[in-house]
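# Architecture and fold: a report
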Amino acid sequence: MGSCIICGTDVGSGRVCDSHQEDVVFDFRGDSPEDLVPSRFYRGVVDGYAEFGVFVDLAPGVTGLLHRSELDRRLDSLSWEPGDDVFVQVKGVRDNGNVDLAWSIRQADREFRGVLVQESSGERLPDEDAGDDEPTTDESAESAEPTDESDDEAAEESTEADAGTETAAPEDEAPESAETAEPDDEAEGDTESADETEATEPETDDVATADDEETPEAETDEDDAEPERVSIETLGDAVGDVVRIEGEVVGVRQTGGPTVFEVSDETGAVDVAAFVEPGVRAHPDVEVGDAVRVDGEVESHRGDIQVESEALALLDGEAAEAVRRRLAEALTDEARPEGLQPLAGDETVAELADGLLDAAEAVRRAVLESRPIVVRHPATADGYVAGAAVERAVLPLIRDEHAKSDAEYHYFTRRPLDEPVYGMDAATNDATRMLQDRDRHDEKLPLFLLVGAGSTTESADGIDLLSVYGVDAVVVDAAVADPETRDAVDTLVSPELSDVGGDETLSTGALVASLASAINGEVREDLRHLPAVSYWADAPDRYVDLARDAGYDAERVAELREAVALEAYYQSYQDKRELIADLLFSDGGNLAAHVSEQFREKLETEIQTADANVVTEAVDGVEFALLDTDGYTHRYDFPPTPLLLDDLHRRRADGEPFATVGVGTDELYVRTTADVSVRDVAERAAELAPNADIATAGVREGKIEFLSGERDAVEDAVVAAVAESF
């Protein structure tokens, strides 16, 4: 009869009971996938990567797929290399023998409570031969213990093991351990027991006395010496040293092994790992926002700096106030940019300096507070330029602030919008994600930065949903904005509402590029060509000249614009920052030229089809080009309808009063050579076709929605309303 290596329960011929199946990691020595047990954790070796995930060898001839959807991070941020030992969970084995794997938070032996070998004939301990007699429960538990210090802590069930280990005992057993441990053990146990005390309480005096009885005085003094407090930004030079840091807890996450506290001081943030036993929350009284003092050894894991906590104390009173005062002073000094220097000296942008500096301060403060930043922008060339400019500025700041190499993926997200309206669908998606991150990972609620979207009343419902949770929102839009939005968000930057003079054709990409240079002046040189890329036509000479000075002539700017527009369509709803970054910042020209050629071929084919099916008519001196977008465009392929109509309109407009109207099943788009308000058009058309439920759906893109059964009446009403507006 076998017994569980964790709890000693009788388990028949096995070595682990059902309740502890996931506490043990298995070395698989079988030769068939059918022998794998779903939900168990297995050690494997990385075989290689594919676009859709990672292949992991569990045994010779037995390979599983860890699909990218199972990861807790982006596939391209995974630091595994072929040949690395890793830990995965088996989800299941398909009928064809394919093995589906799941991500394991635990990626070290010490984070499991035991190790077993699984063979086709059964299970055994690693140091047993297949035919060995079954050991007793105590022997099994002792043998299954990992050998490093953290694993010894996890095996608290064995009194004999606890007495012989060199690690600190659990906090509630510290006094007993101090009596029997060697001198070094005594010092460590003393440090562990201080975890639950305030930093200012002298809890070590009694233990120091016990040390005096068994330890030479010099050694005692050395053991009792408190580590020097250091700033987090210096930890990279202190690997292997025991240090003290003080800061604020900005995140807590529970792994299958230690509890990981993210602690931030005035210079940066770092992960602190605290271990009591696998999967058990260490220091449950410590929460996000608390001030703490941490003593521990600085370690480097896969290139990331981490502190292994030996003592974590919750600060209060003057000690906590000192930490918060240092953080507040650092925030005040670092968050507000010194000033705004508009790219190309744009005077319109200069008049918006106060609002842009407020927006830049909000972004910089979010970085310093370890608050995630979510950027929302339309899936257009202008929108992508704006989003990429902010991304270029913010990512280096996040890297400087956080020790973890993948911090930029946790603290910055750029999510394109299918339309330049922040509607309920997008807001619901964002709210769901942020609440999951808050509840599962103790993350702070993010700052939302909406560029080229969210500035009109069509986005009011989405903005209101965010405001229910007290989320900070900043909106920057060069094209359109409504006064009501100013009251709904924290900061709104709009030349229309600010009543500034100068260039009325300012693009959002140009405006946000100057904002990005205020967020991080060190990337200013990288941004100089972006304003010119954001204009489809008639880019201001100052931006054309600025791009040329940066090494981008008119042809290359056009190629970039077209390449970004094509990728923007195919990347709708996705981040995919690397490809856009390569196009805009790292490409020598070959990539953009290749993608832009595809853009031109696809657009030209669609334009020829659309142009051949345009119906023209004149109404009250206005020439109209009418296109049935359902019948004569590929609605679900490139180019998107707004981009197609933009190009068609530019080609046909000749300076005379002219309008292009693309009519679909229940929506239409209006393009005019005059300054026509799409809201006025929709309002007048609703009067002419009262049964069609006509409404403005998007001011920026000239979009009107209606009931599909009234399509013909709506087309006539809109044409009449547009003609009246000229």
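From a predicted model like this one, the values you see are computed outputs, not experimental measurements.

## Focus: the overall build of the protein chain
A count of helical and extended segments in the protein chain gives 26 helices and 26 strands. By residue count, 53% of the 726 residues in the protein chain fall in the buried class. Contacts spanning at least 24 positions in sequence make up 65% of the contacts within the protein chain whose residues lie at least 6 apart. Carbon together with sulfur atoms contributes 43% to the accessible area of the protein chain, which is approximately 31,900 Å² in total.

## Side note on helix H8 (residues 317-335)
Between its first and last C-alpha atoms H8 spans 26 Å; for 19 residues at 1.5 Å apiece the expected length is 27 Å, and the two agree. Regarding H8, the residues found buried are Ala319, Ala320, Ala322, Val323, Leu327, Ala330, Leu331 and Ala335. Elements that come into contact with the buried residues of H8 comprise strand S11 (242-254), strand S12 (259-265), strand S14 (291-301) and helix H10 (353-368).

## Concerning the pairing of strand S19 (residues 472-476)
Counting buried residues in S19 gives four out of five residues, a clear majority hidden from the surface. Pairing between strand S18 (residues 447-451) and S19: five bridges, direction parallel. When the bridges of S19 are listed, Phe448 appears paired with Ala473. Following the chain from S18 across helix H14 (residues 460-468) to the adjacent parallel S19, one finds a crossover that is right-handed.

## A short note on the sheet that holds strand S16 (residues 373-378)
Within the open sheet, the five strands sit side by side as S17-S16-S18-S19-S20. Their pairing is parallel. Each edge of the open sheet is held by one strand with a lone partner, namely strand S17 (412-417) and strand S20 (491-493). Mean inter-strand twist for the sheet, computed between neighbouring axes without regard to direction, equals 15°. In this sheet, S20 lies alongside S19 in parallel orientation, the contact comprising three bridges. Across the sheet, residue Val474 finds its bridge partner in S20, namely Thr491.

## Comments concerning the packing of helix H11 (residues 381-401) against helix H21 (residues 577-586)
It is the contact of H11 with H21, at a shortest axis distance of 11 Å, that shows an interaxial angle of 95°. The angle between H11 and H21 places the two elements in the roughly perpendicular class. Judged by residue contacts, Tyr384, Ala388, Glu391, Arg392 and Leu395 of H11 engage Arg577, Ile580, Leu584 and Phe585 from H21. Each residue belonging to the contact of H11 with H21 can be placed in one class, and the counts come to six nonpolar, no polar and three charged.

## Section: unusual backbone geometry
Cis geometry marks the peptide bond from Phe638 to Pro639; its omega dihedral reads 0°. For Pro639, the location among the structural elements is in the loop between helix H23 (629-632) and helix H24 (641-652). Even without being glycine, Asp538 reaches a positive phi, approximately 55°.

## Things to note about the sheet that holds strand S22 (residues 622-628)
Strand order in this open sheet of six strands is S21-S22-S23-S24-S26-S25, and the pairing throughout is mixed. Strands at the two margins of the open sheet, each flanked by one partner only, are strand S21 (615-619) and strand S25 (695-698). Strand-to-strand, the axes of this sheet are offset by a mean angle of 30°, without reference to chain direction. Bridge count between strand S24 (residues 667-672) and strand S26 (residues 703-705): three bridges; the pairing is antiparallel. Within S26, the position partnered with Tyr669 by the bridge is Lys703. Packing against the sheet, helix H26 (residues 711-725) makes contact with S21, S22, strand S23 (658-663) and S24, and its axis sits at approximately 155° to S22.

## Re the nonpolar core
If you look at the biggest cluster of nonpolar residues, it comprises 86 residues, and the most contacted ones within it are Val394, Val476, Leu511, Tyr543 and Leu584. Broken down by element, this core gets its largest block of residues, twelve residues, from H11. Counting residues in hydrophobic clusters, the runner-up holds 29 residues, among them Val54, Leu66, Leu101 and Trp103.

## Focus: a negative patch on the surface
A surface patch of negative charge is lined by Glu617, Glu623, Asp654, Glu656, Asp712 and Asp716. Within the element layout of this structure, Glu656 appears in the loop between H24 and S23.

## A closer look at the confidence of the model for the protein chain
Averaged over every residue, the pLDDT of the protein chain is 84; the share at 70 or more is 85%. With pLDDT under 50 throughout, residues 132-220 is counted as low confidence; its partners more than four residues away or in other chains account for 119 contacts.

## Some words on the packing of helix H20 (residues 554-570) against helix H22 (residues 590-612)
Think of two packed helices as two axes; the pair is described by the angle between the axes and how far apart they sit. Two numbers describe how H20 lies on H22: the axes approach to 8 Å, and their chain directions differ by 70°. By the criterion of interaxial angle, the relationship of H20 to H22 is roughly perpendicular. Facing Ala558, Glu559, Leu560, Glu562, Ala563, Ala565, Leu566, Glu567 and Tyr570 of H20, the residues of H22 in contact are Ala592, Ala593, Val595, Ser596, Gln598, Phe599, Arg600 and Lys602. Classifying every residue of the contact of H20 with H22 by side-chain character gives ten nonpolar, two polar and five charged.

## Some details on the pattern of salt bridges
Oppositely charged side chains can form a pair if their charged atoms are brought close together. If you walk through the whole model with that rule in mind, you get 44 salt bridges. Here Arg43 ties to Asp109 by a salt bridge, and the two come within 3.0 Å at their closest N and O atoms. One end of the pair, Arg43, is in strand S4 (residues 41-50); the other, Asp109, is in the loop between strand S8 (99-103) and strand S9 (114-119), and 66 residues separate them in sequence. Under the relative-accessibility criterion, Asp109 is labelled partly exposed at 30%. By sharing partners, the salt bridges in this structure join Arg229, Glu246, Glu266, Arg293 and Arg326 into a single network.

Reading the values: rules and limits
Numbering of residues starts from 1 in every chain and runs along the sequence as written. Thresholds applied to this predicted model are a pLDDT of at least 70 for local features of residues and 80 or more for the giving and counting of side-chain atom pairs; totals over whole chains, interfaces and linings are not thresholded and use all residues. Note that water and hydrogens are dropped before the side-chain values are worked out from all heavy atoms of the structure. Numbering of helices and strands runs from the N terminus; a helix is a DSSP stretch of H or I covering at least four residues, while a strand is a stretch of E covering at least two. Under the scheme applied here, a residue whose accessible area is under 20% of the maximum for its type counts as buried, over 50% as exposed, and between as partly exposed, the area being computed with a 1.4 Å probe on protein chains only. For this analysis, residues touch if any pair of their heavy atoms sits within 4.5 Å. The protein chains shown are the only cover counted for residues, whose accessible areas, like all others here, come from Shrake-Rupley with a 1.4 Å probe. Every helix has an expected span of 1.5 Å times one less than the residues it contains. Any two strands with at least two DSSP-identified bridges between them are counted as paired. If you view a crossover with the strands going away from you and the path from the first strand over the helix to the second runs clockwise, you call it right-handed. Axis definition: a line fit to C-alpha positions, over the contact stretch in the case of helices; interaxial angles, taken between N-to-C directions, run 0 to 180 degrees. Throughout this description, any angle smaller than 35 degrees is read as roughly parallel, any larger than 145 degrees as roughly antiparallel, any in the 65 to 115 degree range as roughly perpendicular, and the remainder as oblique. Here the nonpolar group is Ala, Val, Leu, Ile, Met, Phe, Trp, Tyr, Cys and Pro; Asp, Glu, Lys and Arg are the charged ones; every other residue, Gly included, is treated as polar. In these notes, a set of buried Ala, Val, Leu, Ile, Met, Phe, Trp, Tyr and Cys residues joined through side-chain atoms within 4.5 Å is what counts as a nonpolar core. Candidate patch residues must exceed 30% relative accessible area and have no salt bridge, after which like charges are joined if within 9 Å and Val, Leu, Ile, Met, Phe, Trp or Tyr side chains if within 5 Å. A side-chain nitrogen of Lys or Arg and a carboxyl oxygen of Asp or Glu constitute a salt bridge if their distance falls within 4 Å. Think of it this way: Lys and Arg go in the positive column, Asp and Glu in the negative one, and His and the chain ends go nowhere. To locate a charge, take NZ of a lysine, CZ of an arginine, CG of an aspartate or CD of a glutamate. For every residue, the predictor reports its confidence as pLDDT, a number between 0 and 100.

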